[in-house]
Amino acid sequence: MTRLPLSPALPGRLHPGRFLRAGALLAPLALLGGCGGGGTPLTFDLAALPGQARAGSAARSIVVSEPVGLQPMEADRIIVREPGGSLSFLGGGQWADRLPRLIQTRVIQSLENTGRLRSVSRPGDKVPSDYQLVSEIREFDINSGTGEAVVDLSAKLIAEGSGRVVNARVFTARVPVQKVDPQSAAAGLDAALGQVLADLVRWVNTAR
């Protein structure tokens with residue numbers, strides 16, 4: 001297990017309404033790897049929000065940038081935050097892609113699935129857009145001290161052309177995990193991300 005000394009993160013702010021739809025957001029986690037024998041790590045995916053009934057188009061376009069984060073968050077490893085604040089890579093499991101790119105993809109898919117935006121794209125797609133969504137992964141790990149999967153994502157909506165920050169918000173979710181192993185950690189982080197995505201999508205579709 002590789003240990004990465006790091007100062008403890010500031011506690012995330014939890015909105016009381018973020019657990020209301022948790023049951024609907026716990027989509028099955030796709031297990032892509034083998035059984036983990038012979039030292040081969042299991043590979044886990046993260047789920048986008050499912051499609052929803054269209055509730056009127058917002059008639060605007062958004063480009064979603066890849067989230068930024070501390071160096072440990074840039075990899076495809078599952079991270080454990082220990083009581084002293086140090087970070088460790090959890091052995092035996094990994095994400096299906098680099099974490100920022102995987103989160104970017106699921107944000108794009110979740111926004112597309114609402115059917116309320118004219119287009120949702122990546123910066124490299126060179127699609128004209130009204131807003132850019134930029135974000136930072138502040139926390140995406142298992143807190144071994146509290147036994148929780150924690151996802152903390154800050155986001156800004158920026159008007160294209162003027163560069164003006166239209167709105168900004170921090171999204172946080174915490175989900176209990178029974179134990180710190182690859183399957184429990186991946187399932188807990190997937191569930192926590194589902195809650196963050198639900199709040200993020202609702203915010204993007206209503207922010208002005």
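Residues numbered from 1 in each chain as written. Predicted model: local features only at pLDDT ≥ 70, side-chain atom pairs only at ≥ 80, totals over all residues. Heavy atoms only, no water.

Named according to an unreviewed UniProt entry, the chain is ABC-type transport auxiliary lipoprotein family protein originating from Methylorubrum podarium.

**Remarks on empty space enclosed by the protein**
The condition that has to hold: Cavity and pocket criteria rest on a 1 Å grid covering protein atoms alone: a 1.4 Å probe that fits but cannot get out defines a cavity, protein on both sides within 12 Å along at least 5 of 7 lines defines an open pocket, and an atom within 4 Å of a point defines a lining residue. Grid points are joined across faces, edges and corners, and a volume is the space filled by probe spheres set on the points. In this text, helices come from DSSP runs of H or I with a minimum length of four residues, and strands from runs of E with a minimum of two, each type numbered from the N-terminal end. Asp, Glu, Lys and Arg are counted as charged, while Ala, Val, Leu, Ile, Met, Phe, Trp, Tyr, Cys and Pro are counted as nonpolar; the rest, among them Gly, fall into the polar class.
All chains considered together, the criterion is met by one cavity of 30 Å³ or more. Space inside the largest cavity adds up to approximately 50 Å³. Considering the residues around the largest cavity, the lining is formed by V64, S65, P67, Q104, V107, L133, S135, L153, A155 and L200. Of all elements in the fold, only α2 (99–114), β8 (131–143) and β9 (148–159) reach the threshold of two or more residues within the lining of the largest cavity. The residue inventory of the lining of the largest cavity, partitioned by class, reads seven nonpolar, three polar and no charged.

**Concerning the side chain of S119**
Filter applied, for reference: What qualifies as a polar contact is a pair of N or O atoms within 3.5 Å, subject to a donor-acceptor requirement within protein and to the restriction that residues adjacent in sequence count only when both atoms come from side chains. Contact criterion: two residues are considered in contact whenever any of their non-hydrogen atoms come within 4.5 Å of each other.
Along the chain, the position of S119 falls in strand β7 (residues 119–121). A polar contact is formed between the side chain of S119 and the side chain of S61, at a distance of 2.9 Å. The residues touching S119, leaving out its near neighbours within four places in the chain, are R60, S61, I62, V127 and P128.

**Description of the pairing of β9**
On a regular strand, one side chain projects to one face of the sheet and the next to the other, so that they alternate. Note the threshold: Note on exposure labels: buried denotes an accessible area under 20% of the residue type's maximum, exposed denotes more than 50%, and partly exposed covers the range between, all computed with a 1.4 Å probe on protein chains only. Paired strands are those between which DSSP finds at least two bridges.
A large share of β9 lies buried, amounting to 10 of its 12 residues. Where β8 and β9 come together, 12 bridges link them in antiparallel fashion. Bridge assignment links S135 to a residue of β9, and that residue is A155. As consecutive antiparallel partners, β8 and β9 are separated by four residues, and within that stretch G147 has a phi angle of approximately 70°, a positive value. Once β9 ends, the chain turns through five residues before running back antiparallel as strand β10 (residues 165–176), passing G161 with a positive phi of about 95°.

**A closer look at the confidence of the model for the chain**
Cut-off, in case you're wondering: Each residue carries a pLDDT value, the predictor's own confidence for that position, ranging from 0 to 100.
For the chain, per-residue confidence averages 83 on the pLDDT scale, and residues scoring 70 or more make up 78% of the total. Averaged pLDDT values for the elements of the chain fall to 32 in helix α1 (residues 22–25) and rise to 98 in strand β2 (residues 42–44). Counting contacts from residues 1–38, a segment whose pLDDT is below 50, to residues more than four positions away or on other chains yields 74 contacts.

**What about the pairing of strand β6 (residues 87–95)?**
Inspection of the sheet shows β2 paired to β6 by three bridges, in the parallel sense. Note on β6: the bridge partner recorded for F44 is W95. Two strands pair when backbone bridges link them, and strand β5 (residues 77–81) and β6 are joined in this way by four bridges, in the antiparallel orientation. Following the sheet pairing, V80 is matched in β6 by S88. The turn linking β5 back onto β6 is made up of five residues, and G85 within it adopts a positive phi angle of 100°.

**Some words on the pattern of salt bridges**
Side chains that differ in sign of charge can pair as their charged atoms come close. Condition: Between Lys or Arg on one side and Asp or Glu on the other, a salt bridge is scored when a side-chain nitrogen of the former is within 4 Å of a carboxyl oxygen of the latter.
In total, this model carries 11 salt bridges according to the counting rule given. Notably, a salt bridge pairs R98 with E66, separated by 2.8 Å at the nearest N-O pair. Of this pair, R98 sits in the loop between β6 and α2 while E66 is found in the loop between β3 (61–64) and β4 (68–69), placing the two residues 32 residues apart along the sequence. Residue classification places E66 among the partly exposed residues on the basis of a relative accessible area of 30%. With a closest N to O distance of 3.6 Å, E148 and R174 form a salt bridge. You can see E148 sitting in strand β9 and its partner R174 sitting in strand β10, a full 26 residues away along the chain. On the basis of relative accessibility, which here comes to 18%, the residue R174 falls in the buried class. The network of salt bridges with common partners includes E66, E74 and R98.

**Here we look at α2**
Note the following rule: Any helix carries an expected span of 1.5 Å times its number of residues minus one.
In a regular helix each residue adds 1.5 Å, so 16 residues correspond to 22 Å; α2 covers 23 Å between its end C-alpha atoms and thus fits that length. Buried residues dominate α2, accounting for 12 of its 16 residues. Taken together, the buried positions of α2 are L99, P100, L102, I103, Q104, T105, R106, V107, I108, S110, L111 and T114. At its buried positions, α2 is contacted by β3, β6, β7, β8 and α3 (182–206). One or two steps after α2, the chain reaches G115, where phi turns positive at roughly 70°.

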